[in-house]
Amino acid sequence: MVDEEHKKIVGNLLPELESKEIDHLLKYSEFRNKPPGNILINQGTKDQNLYLVLSGDLAIFQKIRLDYGQIVFRTGAFPGPAMVGEVNLLLQNERTATVLGVSEVNLYILFEERYKEMEESDPQLTIKLMRAAAKRMNGYSEDFRKRMYRGILDGADNHAQALQRFQKWFGAWKECPDALADKLFPDYEGENISFGKG
């Protein structure tokens, strides 16, 4: 039987799913309680496990090699509830980061084998879960893009300085004539990105 409090938390994480679909998803998943210091995901592995974190604090680390030396970055930290591992659910690539439980973590794990069973027996639920994961990934991408633009524009006092900063990162470009912009984007005004100090 599915715990109603757990179901409510997962419902908030995945509002795209109906109540009965959450029941089915949790039946495919296994509940776990992980002690502090437990690694949920290892960078470089290729599994497709999905983690529905009900509670606990997580930290994200990435390791790179720079001229044969290693550098480890702590790239983020966040509390549960959270969905973790959705990128690999869709892309089936190597994991791009290690996720560490900083505190005790309560979660459901949809293991790769059970996910494949769900694909076969409940394709509609699988499609809805994949759409929710894609929506979440798009949100991360948009947040990153906006932070990047703000970082590039930080300190620009005028339009010319802003354009110069963008050229440094994205290559030479010119302001687009209004007629061409109107033809390329007839129904889209464009995102306003402020520049300047503060």
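Colleague: Looking at this structure, I do not really get the overall build of the protein. What am I missing?
Modeller: Summing up its helical and strand segments, the protein has seven helices and eight strands in all. The C-alpha atoms of the protein give a radius of gyration of 21 Å, which is well past the 16 Å a tight globule of 198 residues would have. Here the C-alpha coordinates of the protein stretch approximately 60 × 45 × 30 Å along the principal axes. Counting only residues that meet the buried cut, the protein has 33% of its 198 residues in that class. Sequence-distant contacts in the protein: of pairs separated by 6 or more residues, those separated by 24 or more amount to 74%. Carbon and sulfur atoms make up 52% of the accessible area of the protein, which amounts to about 12900 Å² in all.

Colleague: What am I meant to see in a nonpolar patch on the surface here?
Modeller: The grouping of Leu180, Leu184, Phe185 and Tyr188 at the surface amounts to a nonpolar patch, some 440 Å² of accessible area in total. Residue position: Phe185 is located in the segment after α7 (178-184).

Colleague: Looking at this structure, how should I read the side chain of Arg145?
Modeller: The topology assignment puts Arg145 in helix α5 (residues 123-153). Within the local environment of Arg145, its side chain forms a polar contact with the side chain of Glu142, the two groups lying 2.7 Å apart.

Colleague: Any chance you could explain the layout of surface pockets here in plain terms?
Modeller: One way to see where empty space is left: roll a probe the size of a water molecule over the atoms. In this model, the second largest pocket occupies a volume close to 800 Å³. In terms of lining, the second largest pocket is formed by 25 residues, of which the most central are Ile60, Phe78, Glu86, Val87 and Tyr140. At the level of elements, β4 (57-66), β5 (69-79), β6 (82-84), α3 (86-91) and α5 are the ones that each hand at least two residues to the lining of the second largest pocket. Ranked by the residues each element gives to the lining of the second largest pocket, the list is headed by α5, at six residues. For the lining of the second largest pocket, a count of residues per class yields 13 nonpolar, six polar and six charged.

Colleague: Please explain the pairing of strand β3 (residues 50-55) as it appears in this structure.
Modeller: Consecutive side chains along a regular strand alternate between the two faces of the sheet. With five of its six residues buried, β3 lies for the most part within the structure. Pairing of β3 with strand β8 (residues 105-110), which is carried by five bridges, proceeds in the antiparallel orientation. When the bridges of β8 are listed, Val53 appears paired with Leu107. In the sheet, β3 pairs with β6 via three bridges, with the strands oriented antiparallel. The residue bridging Val53 from the neighbouring strand is Ala82, located in β6.

Colleague: Whenever I open this one, the sheet that holds strand β2 (residues 39-41) confuses me. Can you help?
Modeller: Within a sheet, adjacent strands bond to each other through the backbone by hydrogen bonds, running parallel or antiparallel. With antiparallel pairing, four strands are arranged side by side in an open sheet as β2-β7-β4-β5. The open sheet is flanked by β2 and β5, the only strands paired with a single partner. Each adjacent strand pair in this sheet contributes to an overall mean axis angle of 30°, direction not counted. As judged from the four bridges shared by β4 and strand β7 (residues 98-101), these two strands associate in the antiparallel manner. Its bridge partner being in β7, Leu58 is matched across the sheet by Gly101.

Colleague: I tried to follow the nonpolar core on my own but got confused; where do I start?
Modeller: The nonpolar side chains of soluble globular proteins are, as a tendency, buried together. Counting residues in each nonpolar core, the largest one holds 22 residues, and the members touching the most others are Leu14, Leu25, Leu52, Leu110, Met118 and Leu129. Among the elements of the structure, α1 (4-13), α2 (19-28), β3, β8, α4 (112-121) and α5 are those that each provide at least two residues to this core. Excluding residues within four positions of it along the chain, Leu110 makes contact with Leu25, Tyr28, Ser29, Gln48, Asn49, Leu50, Tyr115, Met118 and Leu129. Listed in part, the 12 residues of the second largest apolar core include Ile41, Tyr51, Val99 and Ile109.

Rules of the game
- Residues numbered from 1 in each chain as written.
- Predicted model: local features only at pLDDT ≥ 70, side-chain atom pairs only at ≥ 80, totals over all residues.
- Heavy atoms only, no water.
- Helix = DSSP H or I, 4+ residues; strand = E, 2+ residues; numbered from the N terminus.
- Rg over C-alpha atoms; globule rule 2.2 N^0.38 Å.
- Buried < 20%, exposed > 50% of the residue type's maximum accessible area, 1.4 Å probe, protein only.
- Contact = heavy atoms within 4.5 Å.
- Areas by Shrake-Rupley, 256 points an atom, 1.4 Å probe, with all protein chains shown as cover.
- Patch = residues over 30% accessible without salt bridge, like charges linked within 9 Å, V, L, I, M, F, W, Y side chains within 5 Å.
- Salt bridge = Lys/Arg side-chain N within 4 Å of Asp/Glu carboxyl O.
- Polar contact = N/O pair within 3.5 Å; in protein donor to acceptor, adjacent residues only side chain to side chain.
- 1 Å grid on protein atoms, 1.4 Å probe; cavity = no way out; pocket = protein on both sides within 12 Å on 5 of 7 lines; lining within 4 Å.
- Points joined across faces, edges and corners; volume = space filled by probe spheres on them.
- Nonpolar A, V, L, I, M, F, W, Y, C, P; charged D, E, K, R; others polar.
- Pairing = 2+ DSSP bridges.
- Axes fitted to C-alpha atoms, helices over the stretch in contact; angles between N-to-C directions.
- Core = buried A, V, L, I, M, F, W, Y, C linked by side-chain atoms within 4.5 Å.

That's the geometry; what it means functionally is another story.
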